[in-house]
Amino acid sequence: MNIKRFNAPTSREALAKARMAFGDGTLILSNRPTANGVEVVATAEDTLSALDGGTGSSASSSHPPLLAPTQARGIPSRASQAKVIAPPVRNPIEEDTEQLAMSTLSFQDYVRERMLRRRHEAMNGPSDPPTLSERSRDEAPERERITSAPAVVRHNPLRTIPMDLPPEPPRRRQEASTSHLAQVNNQQSVMSELHAMKDLIEDRFNTLAWLGQARQNPIQSNLMLKMIRAGYSPALARAVLERMPEELSAGESVRWLMEVLERNLKTDLTDPPLYEQGGIFAMVGSTGVGKTTTTAKLAAMCARVHGPGSVGLITLDTYRVGAHEQLRTYGRMLGIVAHLAHDRAALQDLLGLLSGKKMVLIDTTGVAPRDPRKRDMLDVLDLPNVNRLLVLNAGCHGDTLDDVLTAFKTDGSQQAILSKVDEAVKLGPAIDALIRHQMVLRGVTNGQRVPEDWERADANKLISTSMRAPAKSAFDPKAVDLNFFFSHSPDTMNERGLVDA
């Protein structure tokens with residue numbers, strides 16, 4: 001057999017070389033990619049026909065031809081025909097070769113078909129199985145159904161087409177594992193609920209036991225009621241009084257309680273005041289807490305000590321009507337120019353312009369803790385060397401102060417200013433929130449006068465003011481109501497760790 005191997009950069013050039021060598025009757029036997037391109041193995045149809053013809057002639061002496069042409073299917077017989085002209089007998093190998101049409105896949109099918117026929121002949125004796133052409137006609141509908149699917153793009157005609165196998169059906173093991181996982185999750189949820197119930201029961205029993213012990217100690221019980229009436233939270237009151245020594249007398253217990261509260265309220269009384277320390281400070285907080293007035297008071301204190309030229313005023317409040325005019329009026333009274341910044345870039349330019357000042361004060365727009373604009377305002381102030389001072393209204397409810405502190409709390413130094421102390425009936429809620437959130441109190445404002453109503457943060461004075469018995473109120477609890485104040489709270493254990501007793 002005359003078989004040759006052709007190498008070329010592309011399959012088209014390799015086919016051209018094979019056809020130049022063998023002519024139009026070129027039969028491609030195999031192809032494979034190489035480092036230099038494509039390698040094609042080809043031969044002539046005549047060579048293969050001669051080889052198969054010699055084998056067929058030797059076998060025809062003892063057995064009938066295996067690939068004898070049979071009557072075509074689907075063609076009705078005609079009774080009117082007197083004589084049937086038999087078509088010229090052709091070699092079955094030639095018919096099969098014409099059906100293959102130089103396709104490597106078809107040649108492989110052809111070889112597989114011949115092996116199956118030889119095996120069938122060896123097992124069942126000589127037979128007359130259908131030829132490859134007949135099998136091709138029988139499989140035509142199936143091929144049409146397969147080819148109706150989306151065609152696969154073939155860049156190389158000599159490269160075989162990958163066949164996608166259908167996905168395997170889901171197994172029962174997967175369903176069993178899913179059901180087992182669901183059962184495990186249900187068990188975990190049940191166990192978590194049981195643990196939560198256990199913690200609740202233990203905490204409640206501990207509270208009842210502590211209340212029973214407190215009732216047996218009248219000093220501790222009276223101090224507990226006094227703190228709650230002053231506005232302190234039950235969590236902080238219990239965390240402090242649990243650590244009170246039992247051998248103290250009534251007067252000593254009160255002094256011990258005052259000292260513990262003073263020690264836990266952080267102030268800057270031992271440090272230089274804000275107007276002497278200097279720096280860049282931005283007043284942030286909710287609407288109506290006194291940020292603009294506090295800014296004017298700090299500017300007046302700094303101008304009184306270091307002169308008007310040492311203070312810079314910037315406002316970011318472009319939302320409230322007359323906000324810029326209010327700060328500009330305070331600036332004219334103090335001899336200071338108030339600047340307006342609309343965005344972060346303008347604020348950076350103004351800070352660079354006022355970099356030589358002793359103190360630069362930034363007044364911001366008042367926003368609610370859950371206002372979407374709060375995030376944008378805090379992003380504008382996220383600049384180097386800009387310290388945020390959270391202005392808190394001392395007359396707000398404790399829950400409101402907790403919400404504000406949680407919303408405006410930032411990383412790093414936590415500083416606050418307590419405003420409108422003169423309007424607050426009870427200072428307990430504000431001091432309680434400052435203690436639990438570990439804020440540093442930098443100053444107190446107790447009126448509208450500029451700058452007279454500014455005071456340093458004195459923990460002793462603030463605690464003494466908060467513990468003074470105010471006038472009786474309908475909101476004050478009674479001794480029999482203490483049980484209702486000590487319900488289960490998930491933050492109780494965390495609150496206890498914040499008190500230095």
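Scroll up to find the structure this text is about.
Definitions and cut-offs
Residues numbered from 1 in each chain as written. Predicted model: local features only at pLDDT ≥ 70, side-chain atom pairs only at ≥ 80, totals over all residues. Heavy atoms only, no water. Buried < 20%, exposed > 50% of the residue type's maximum accessible area, 1.4 Å probe, protein only. Helix = DSSP H or I, 4+ residues; strand = E, 2+ residues; numbered from the N terminus. Pairing = 2+ DSSP bridges. Polar contact = N/O pair within 3.5 Å; in protein donor to acceptor, adjacent residues only side chain to side chain. Contact = heavy atoms within 4.5 Å. Phe/Tyr/Trp six-rings, centres within 6.5 Å; stacked < 30°, edge-to-face > 60°. Expected span 1.5 Å × (residues − 1). Salt bridge = Lys/Arg side-chain N within 4 Å of Asp/Glu carboxyl O. Patch = residues over 30% accessible without salt bridge, like charges linked within 9 Å, V, L, I, M, F, W, Y side chains within 5 Å. Areas by Shrake-Rupley, 256 points an atom, 1.4 Å probe, with all protein chains shown as cover. Axes fitted to C-alpha atoms, helices over the stretch in contact; angles between N-to-C directions.

Draft legend 1. Representation of helix α9 (residues 234–241) within the structure. Within α9, six of the eight residues are buried, which leaves it mostly tucked inside the rest of the structure. Looking only at α9, the buried set comprises L236, A237, R238, A239, V240 and L241.

Draft legend 2. Expanded view of the pairing of strand β5 (residues 279–284). For β5, the buried fraction is high: five of the six residues fall into the buried class. Note: β5 against strand β8 (residues 359–363), five bridges, orientation parallel. Looking across to β8, one finds that F281 is bridged to L361.

Draft legend 3. Fine view of the side chain of T365. Tracing the sequence through the fold places T365 in the loop between β8 and α15 (373–380). Classification of T365 by relative accessible area gives buried; the value is 12%. Polar contacts involving the side chain of T365 include one to the main-chain carbonyl oxygen of L316, which spans 3.3 Å. Once residues within four sequence positions are removed from consideration, T365 is found in contact with G285, K291, L316, D317, T318, Y319 and M377.

Draft legend 4. Quick look at the environment of L350. Mapped onto the elements, L350 comes out in helix α14 (residues 344–353). Along the primary structure L350 and L313 are separated by 37 residues, whereas in three dimensions their C-alpha atoms are 9.7 Å apart. Excluding its chain neighbours within four sequence positions, the residues that come into contact with L350 are I314, H339, L340 and A341.

Draft legend 5. How the structure looks around the packing of aromatic side chains. In the structure shown here, the tally under the stated rule is one aromatic pair. Ring geometry for F6 versus F22: centroids 6.2 Å apart, planes at 90°, classification edge-to-face. Separated by 16 residues along the polypeptide, F6 in strand β1 (residues 3–8) and F22 in helix α1 (residues 11–22) bring together distant segments of the chain. When sorted by exposure, F6 lands in the same class as F22, which is buried.

Draft legend 6. Local environment of helix α10 (residues 250–264). Here α10 is 15 residues long and its end C-alpha atoms lie 22 Å apart, about the 21 Å a rise of 1.5 Å per residue gives. Taken as a whole, α10 has its buried residues at S253, W256, L257, M258, V260, L261 and N264. At its buried positions, α10 is contacted by α8 (218–229), α9, β4 (266–267), α17 (428–436) and α18 (459–467).

Draft legend 7. Seen up close, the pattern of salt bridges. In the structure shown here, the tally under the stated rule is 12 salt bridges. Put simply, D371 and R373 hold a salt bridge, and the shortest N to O gap is 3.1 Å. As a salt-bridge pair, D379 and R375 come within 3.2 Å of each other at their nearest N and O atoms. Here D379 and its partner R375 are both found in helix α15, four residues apart, which amounts to about one turn of the helix.

Draft legend 8. The arrangement of the pairing of strand β6 (residues 311–315) in detail. Counting buried residues in β6 gives five out of five residues, a clear majority hidden from the surface. Across the two faces of β6 the burial is the same, with V311, L313 and T315 and G312 and I314 all buried. Bridge analysis of β6 against β8 gives five bridges, and the strand direction is parallel. Each bridged residue has a counterpart across the sheet, and for T315 the counterpart in β8 is D363.

Draft legend 9. Main features of the environment of A416. In this fold, A416 is placed in strand β10 (residues 415–419). Between the C-alpha atoms of A416 and L392, which are 24 residues apart in sequence, the distance is 7.0 Å.

Draft legend 10. Looking closely at a nonpolar patch on the surface. The grouping of V190, M191 and L194 at the surface amounts to a nonpolar patch, some 260 Å² of accessible area in total. With respect to the helices and strands, the residue M191 is situated in helix α7 (residues 172–216).

Draft legend 11. Representation of the sheet that holds strand β2 (residues 26–33) within the structure. One open sheet accounts for three strands, arranged β1-β3-β2; its pairing is antiparallel. This sheet does not close on itself; its edge strands, each paired only once, are β1 and β2. Here the strands of the sheet are splayed against their neighbours by 25° on average, with no regard to which way each runs. The pairing of β1 with strand β3 (residues 38–44) spans six bridges and is classified as antiparallel. Its bridge partner being in β3, I3 is matched across the sheet by T43. Those strands touched by α1 are β1, β2 and β3, and its axis lies near 145° from that of β1.

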